[in-house]
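Reading the structure
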Amino acid sequence: MTAPAIPETTALENDLPLLQRHDDVTRYGIYPTADRFSEDFDEDRYRHALATHALGGLRPLSLYVHLPFCVSACYYCASHKVITADHNQADTYLDYLEREIALQGAAYGATPKVTQLYLGGGTPTFLQDAQLSRLLAALQRYFPLAAGAECSVEIDPRHIGPESLQLLASHGFSHLSISLQDLSPDVQRAVNRMQPAPLTAAAIAQGRALGYRSIHIDLLYGLPRQTPASMADTLAQVLTWRPDRVSLNHYNHQPDRFKAQRHIDAATLPTADDRLAMLQQAITQLQGAGYVHLGLEQFALPQDELAIAMRQGRLHRNFQGYTSQAECDLIGLGVSAIGKVGACYAQNHRVLEDYYDALAHHHLPIARGMTLAADDLLRRSIIQSLLCQSELAFEPLETRWLIDFHHYFAYELEQLQQLASNGLLKLHRQGLEITPKGRLLTRSIAMVFDRHLREARNSARFSSLI
Ligand code: SF4
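Residues numbered from 1 in each chain as written. Predicted model: local features only at pLDDT ≥ 70, side-chain atom pairs only at ≥ 80, totals over all residues. Heavy atoms only, no water.

**Looking at empty space enclosed by the protein**
As enumerated under the stated definition, the model contains two cavities of 30 Å³ or more in all. Considered as a void within the structure, the second largest cavity measures approximately 60 Å³ in volume. The wall of the second largest cavity is formed by Tyr46, Gln104, Leu330, Ile331, Gly332, Ala337, Gly339, Lys340, Ala346, Gln347, Asn348 and Ile366. Taken together, the elements giving at least two residues each to the lining of the second largest cavity come down to β13 (329-333), β14 (338-341) and β15 (344-348). When grouped by side-chain class, the residues that make up the lining of the second largest cavity number six nonpolar, five polar and one charged. (1 Å grid on protein atoms, 1.4 Å probe; cavity = no way out; pocket = protein on both sides within 12 Å on 5 of 7 lines; lining within 4 Å. Points joined across faces, edges and corners; volume = space filled by probe spheres on them. Helix = DSSP H or I, 4+ residues; strand = E, 2+ residues; numbered from the N terminus. Nonpolar A, V, L, I, M, F, W, Y, C, P; charged D, E, K, R; others polar.)

The following block contains the structure:
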C-alpha cells in the first residue's frame, strides 16, 4: 500500500540556519506554563472554582493519574519520580491516592462524564496487576468512564508483561505510549536505560494483538553519545514497527534542576549542529514514511485520530500533549499532578511526604495554581490556535473578546514582523499563518503572546541593571 500524500498544511521545511538561530527555545507547549503558578492558590480557591464552574454546567472530564515509581533512574529524566524496587511503596501510595480520588469525587459533586483517562509517571506499570486493579476500581467508583472513553497508559517495555497489558485492555485501555529514546547500546548505557529493540518490538506486538489501537513512541534527540547516524538507525528500526504516533523531543540538559542528569558527562553531548542534523534527518525519515506533522515535535500516521482531528481543526493541547478532546476539564490525581477546571489550574504537592501529609489531614493536596484573568484566557486561546492549527484569524477574536486586535497586540505584532521577515510566518491585516519553514519554530511564534514570559524577561533584565 502506498503512503497517502502529506496534506500541504502539514508540510515542513527544514531550514538549518534558521533552526540554529532559534535553538535556545525551551520546551514550551501550553499557556500558562506551570512555573507561573502561585502558592496563593490553595484548596479553598480550588473548591470555590469548582463550585462556581459547576453552575455553568460541567464539561466532559479528563483524568490524569500520576504514578511516580520507577525501578531505576534514567539519567535524562526530568519527570517527578521515586526510584525504588519496593513494590509495597505503591500500596502506601494507593492508600493516599484513594483518599484523594474520594475527596475530588465529593468536591466535584455531579456525576462526571469521564471521556479521557491517562496514566502517566514515573512508570505506571511499576504497579503490579492487583495494584492496577485496585486503582482502576477506585477511579470507577468516583469517576466512572463514559462509553468509548479514550484510555491511555505510559508503559516501560522493561517492566511490563502480557498479563498487565491484557488487564489494562480489559479495562478499556486502547492507547499505549512507549518511551524508547535511542536504540544504540552506547547511548542506552550513557543514560542508564538498557532497552534492546526486541523488548520494545514485543510490547508493540502484544499491544496490537490485544487490540490497542494507538501506539505512540517517544524518542529523544541530543542525548549523550548520540550521533546523527545512531538517530537515523533508531528511526529506521522504529519505522519498521509502524507506530501510529512518534514524538521527537529535544533533550534539555539542566543538571542544576534535575539531579539524575548530573550523571551525564556534558562532554559526551552532541554539538548543536549535530542535534539539528538529527532533527532534520528524523523529519526526513518520518515524512518519507508517510507521517504527518501534528505540531511541535509530534508526528502521526495520516489515519491516526489526532491527524484526522488536525485536518478537521479539532486538535487541542493539554499538559499531556496533543489531544482530540477540546476543552475538557481536567482533574489531576497523584503527587505533582496538574488539573484544570474552567479558568483555573491547580497542581498537587510535588514532594511525596507533603502529598501524604495533606491527605492524612483530609485535605486536597493542592500546593499551587492560578486563576486566569480575561487577558490570560485570550492569550491561551491564541497560543492554542498557533500550536494546534498553525494559523490565527483576528476577527473571531475581536468579536469574542471585544478587542481591536491591532491595538491590543501592537507590541506582539511588532515582534511578529521580525519573524515574518525571517520567513517563519505570513502576516496579513486579518490574521497570520505559519509557513512550512516556521512550523518547527511554532514555539518561538507562540511565545510572543506569552505575557508572563515577557514580564519575567523584563524583570530579569531590570535586576541585572540594579
Ligand atoms: S524516564 Fe521514565 S522510567 Fe526513566 S526514570 Fe524517568 S520516569 Fe522513570
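Past the structure itself, the notes keep going.
**What to know about the site of the ligand**
Around the ligand sit Cys70, Ser72, Cys74, Tyr76, Cys77, Lys81, Gly122, Thr123 and Arg193, and that is every residue in its neighbourhood. Here the shell around the ligand is composed, by residue class, of four nonpolar, three polar and two charged. (Near = heavy atom within 4 Å.)

**Here's the deal with the side chain of Ser184**
Note that Ser184 resides in the loop between β6 (173-181) and α6 (185-190). Look at Ser184 and you get buried, because its relative accessible area is 16%. Discounting chain neighbours no more than four positions away, the residues touching Ser184 are Ser230 and Thr234. (Buried < 20%, exposed > 50% of the residue type's maximum accessible area, 1.4 Å probe, protein only. Contact = heavy atoms within 4.5 Å.)

**Some details on unusual backbone geometry**
Note on backbone geometry: most residues besides glycine have negative phi, and most peptide bonds are trans. A cis amide bond links Gly121 with the next residue in sequence, Gly122, at an omega value of 25°. One can find Gly122 in the loop between β4 (114-121) and α4 (129-142). Although it is not a glycine, His362 adopts a positive phi angle of roughly 60°. Tracing the backbone shows His362 in the loop between α11 (352-360) and β16 (366-371). At Ser390, a position not held by glycine, the phi torsion is positive, near 60°. Among the secondary structure elements, Ser390 is positioned in the loop between α12 (374-389) and β17 (391-393).

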